Amino acid sequence: GLLYLKQGKWKEQQIVPEQWVKESLTPHSPKKEKIGLGYAWSIHPQFNMYAAEGSGGHALMVFPAQDLIIVHRTNTYIPKPVDWQEIKKIVKMILDAQETKITTID
């Protein structure tokens, strides 16, 4: 996630070619879809974010405009499904808290 947030760079060294990062974050699904699919990334343009989603509710969410990465892990040994609505609420609270922090620094 951090490599993608930094356009493929680790410190000053280019680890993943920048062109690959751009291409893999380009939606390769029909334009009418709300969520684009890149190379193993779900692209959510309406939220200015992209995510790698794993089995059982694991997710890596990257918010470039906020310079933010959120990782959601879950215990996949428990047969309880992940409630994505609850995760969305938590992510919204994190984003709201970051905006509040930024606007109250003045």
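Now for a quick tour of the structure. Keep in mind that what you see is a predicted model, and the values were worked out from it rather than measured.

Side note on the pattern of salt bridges
When the charged atoms of two side chains with opposite charge come close together, those side chains can pair.
Argument step 1. Counting across every chain of the model gives four salt bridges.
Argument step 2. For Asp67, the salt bridge is made with Lys6, and the minimal N-O distance between the two is 3.3 Å. Taken together, the positions of Asp67 in the loop between β6 (59-63) and β7 (68-72) and Lys6 in the loop between α1 (2-5) and β1 (9-10) put the pair 61 residues apart, joining distant regions of the chain.
Argument step 3. Here Asp67 falls in the partly exposed class, since its relative accessible area comes to 48%.
Argument step 4. With a closest N to O distance of 3.1 Å, Lys89 and Glu86 form a salt bridge. One end of the pair, Lys89, and the other, Glu86, are both in helix α3 (residues 84-103), three residues apart, so they sit about a helical turn from each other.

Quick word on the packing of aromatic side chains
Argument step 1. Scanning the model with the defined rule gives three aromatic pairs in all.
Argument step 2. Where Tyr4 meets Trp41, the ring centres are 4.8 Å apart and the plane angle is 45 degrees; that geometry is what we call tilted. With a gap of 37 residues between them, Tyr4 in helix α1 and Trp41 in the loop between β3 (36-37) and β4 (42-44) connect regions that are remote in the sequence. Take Tyr4 and Trp41: they sit in the same class, and that class is buried.
Argument step 3. Ring geometry for Trp41 versus Tyr50: centroids 5.1 Å apart, planes at 90 degrees, classification edge-to-face.
Argument step 4. By relative accessible area, which is 7% here, Tyr50 ends up buried.

Conventions and cut-offs
- Residues numbered from 1 in each chain as written.
- Predicted model: local features only at pLDDT ≥ 70, side-chain atom pairs only at ≥ 80, totals over all residues.
- Heavy atoms only, no water.
- Salt bridge = Lys/Arg side-chain N within 4 Å of Asp/Glu carboxyl O.
- Helix = DSSP H or I, 4+ residues; strand = E, 2+ residues; numbered from the N terminus.
- Buried < 20%, exposed > 50% of the residue type's maximum accessible area, 1.4 Å probe, protein only.
- Phe/Tyr/Trp six-rings, centres within 6.5 Å; stacked < 30°, edge-to-face > 60°.

Remember, this is a structural readout, not a statement about activity or role.
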